[in-house]
Amino acid sequence: NAGVTQTPKFQVLKTGQSMTLQCAQDMNHNSMYWYRQDPGMGLRLIYYSASEGTTDKGEVPNGYNVSRLNKREFSLRLESAAPSQTSVYFCASSEAQAAFGYTFGSGTRLTVV
Amino acid sequence: RKEVEQDPGPFNVPEGATVAFNCTYSNSASQSFFWYRQDCRKEPKLLMSVYSSGNEDGRFTAQLNRASQYISLLIRDSKLSDSATYLCVVNEGTNAGKSTFGDGTTLTVKP
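Computed from a predicted structure; not experimentally measured. (Residues numbered from 1 in each chain as written. Chains lettered and ligands numbered in written order. Predicted model: local features only at pLDDT ≥ 70, side-chain atom pairs only at ≥ 80, totals over all residues. Heavy atoms only, no water.)

S.K.: Would you mind going over the overall build of chain A with me for this structure?
M.R.: If you tally the helices and strands in chain A, you get zero helices and 11 strands. Walking chain A from its N terminus toward its C terminus, one meets helices and strands in the order β-β-β-β-β-β-β-β-β-β-β. Scaling as 2.2 N^0.38, a compact globule of 113 residues should have a C-alpha radius of gyration of about 13 Å, and chain A matches this with 13 Å. Along the first, second and third principal axes, the C-alpha set of chain A runs to 35 × 25 × 25 Å. The 113 residues of chain A split such that 47% are buried. (Helix = DSSP H or I, 4+ residues; strand = E, 2+ residues; numbered from the N terminus. Rg over C-alpha atoms; globule rule 2.2 N^0.38 Å. Buried < 20%, exposed > 50% of the residue type's maximum accessible area, 1.4 Å probe, protein only.)

S.K.: Any chance you could explain the interface of chain A and chain B here in plain terms?
M.R.: Interface extent is often summarised as the accessible area lost during association of the parts. The interface is formed by 22 residues belonging to chain A together with 21 residues belonging to chain B. Summed over both partners, the interface of chain A with chain B buries about 1,700 Å², with 51% contributed by carbon and sulfur atoms. Scanning the region where chain A abuts chain B turns up zero salt bridges. For the pair chain A and chain B, the number of links is four residue pairs in polar contact (both at pLDDT 80 or more). (Contact = heavy atoms within 4.5 Å. Buried area = accessible area lost by both parts, 1.4 Å probe. Salt bridge = Lys/Arg side-chain N within 4 Å of Asp/Glu carboxyl O. Polar contact = N/O pair within 3.5 Å; in protein donor to acceptor, adjacent residues only side chain to side chain.)

S.K.: Help me understand the environment of Leu76 of chain A in this model?
M.R.: Residue and element names in this part refer to chain A. Here Leu76 is to be found in strand β8 (residues 74-78). On the basis of relative accessibility, which here comes to 0%, the residue Leu76 falls in the buried class. Taking the C-alpha atoms as reference points, Leu76 and Thr20, 56 residues apart in sequence, are found 5.5 Å from one another. Each residue touching Leu76, except ones within four places of it in the same chain, is listed here: Met19, Thr20, Leu21, Trp34, Ile46, Tyr64, Asn65, Val66 and Tyr89.

S.K.: When you look at the sheet that holds β8 of chain A in this model, what are you seeing that I'm missing?
M.R.: Strands in a sheet are paired, the pairing made by backbone hydrogen bonds, and the direction either parallel or antiparallel. All names here are of chain A. On the basis of which strands lie adjacent, the open sheet formed by four strands has the order β1-β3-β8-β7 and antiparallel pairing. At either margin of the open sheet sits one strand with a lone partner, and together these are β1 (4-7) and β7 (64-68). Taken pair by pair, the neighbouring strands of this sheet meet at an average axis angle of 15°, ignoring direction. In the sheet, β7 pairs with β8 via five bridges, with the strands oriented antiparallel. If you follow Arg68 over to β8, its bridge partner there is Phe74. (Pairing = 2+ DSSP bridges. Axes fitted to C-alpha atoms, helices over the stretch in contact; angles between N-to-C directions.)

S.K.: Sorry, what's going on with the packing of aromatic side chains here?
M.R.: A ring pair, where both rings are aromatic, is described by two values, the distance of the centres and the angle of the planes. Tallied over the full model, the rule gives 17 aromatic pairs over all chains. Each ring, one from Phe104 of chain A and one from Tyr36 of chain B, has its centre 6.0 Å from the other, and the planes form 85°; the classification is edge-to-face. Of the two residues, Phe104 of chain A sits in strand β10 (residues 103-104) while Tyr36 of chain B sits in strand β4 (residues 32-38), which places them in two different chains. Grouping residues by exposure puts Phe104 of chain A and Tyr36 of chain B together as buried. Their ring planes at 75° and their centres at 6.1 Å tell us that Phe104 of chain A and Phe101 of chain B sit as a pair that is edge-to-face. Here Phe101 of chain B lies in strand β10 (residues 99-101) and Phe104 of chain A lies in strand β10, a pairing that spans two chains. Through pairs of rings, three or more aromatic residues link up here, namely Tyr33, Tyr35, Tyr48, Phe90, Tyr102 and Phe104 of chain A together with Phe34, Tyr36 and Phe101 of chain B. (Phe/Tyr/Trp six-rings, centres within 6.5 Å; stacked < 30°, edge-to-face > 60°.)

S.K.: So what exactly am I meant to see when it comes to the nonpolar core here?
M.R.: Among soluble globular proteins, nonpolar side chains are generally buried collectively. Counting residues in hydrophobic clusters, the biggest one holds 23 residues, and the most contacted among them are Phe21, Trp35, Ile71, Leu73, Ile75, Tyr86 and Leu107 of chain B. Contributions of two or more residues to this core are made by β3 (19-25), β4, β5 (44-50), β7 (60-65), β8 (70-75), β9 (84-91) and β11 (105-110) of chain B. Apart from the residues lying within four places of it in its own chain, the contact partners of Ile75 of chain B are Ala17, Thr18, Val19, Phe21, Arg59, Phe60, Asp82, Tyr86 and Leu107 of chain B. By size, the runner-up hydrophobic cluster in this structure holds 20 residues, among which are Tyr47, Val60, Val66 and Leu76 of chain A. (Core = buried A, V, L, I, M, F, W, Y, C linked by side-chain atoms within 4.5 Å.)

As structure tokens, then:
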């Protein structure tokens, strides 16, 4: 099925470890996003890429880096994981300016101990 | 004050009930509005876009009031399967990524 694919689905890291979350979409969308969701809270934007070759910070970018590898793929890297980064991470894609809403991946549940 | 605020909930209603959620937003320049549904431990999924003229999809009706800066979602004849968290999303429309999510309202429909 067409959509947004994220890997891994679950991950446990020790404080200070690094990892990369992968995301790919096959809907030919220009824009891609990384959100985090903490219990009882709405989604908060970490980084986004309006189009291939561009990336911009969102609301909560500290501790993260991103790479828009090509039109399909957008990765999120944690260089030195901290317990505060324990969360559920969602990748999403959209047509330009998200005027028609987002399509989300199934999420990555990350625990940092 | 949050940019997007939703009814805190939770809403617990019997099957067949009508339930309404409101969501207020602070940015008067906001361009597009959406309701998403999120099941427990799942990703959000687009339920409806919200247009100035209002829109209806089966048992679901969404409305936008730009003057008062709020959107609403009405669910008629609630089903058990409607139990979920409903997220309000407001998009500035001027730049990709400029969407703000509400914290969500949890609905539980009981037999």
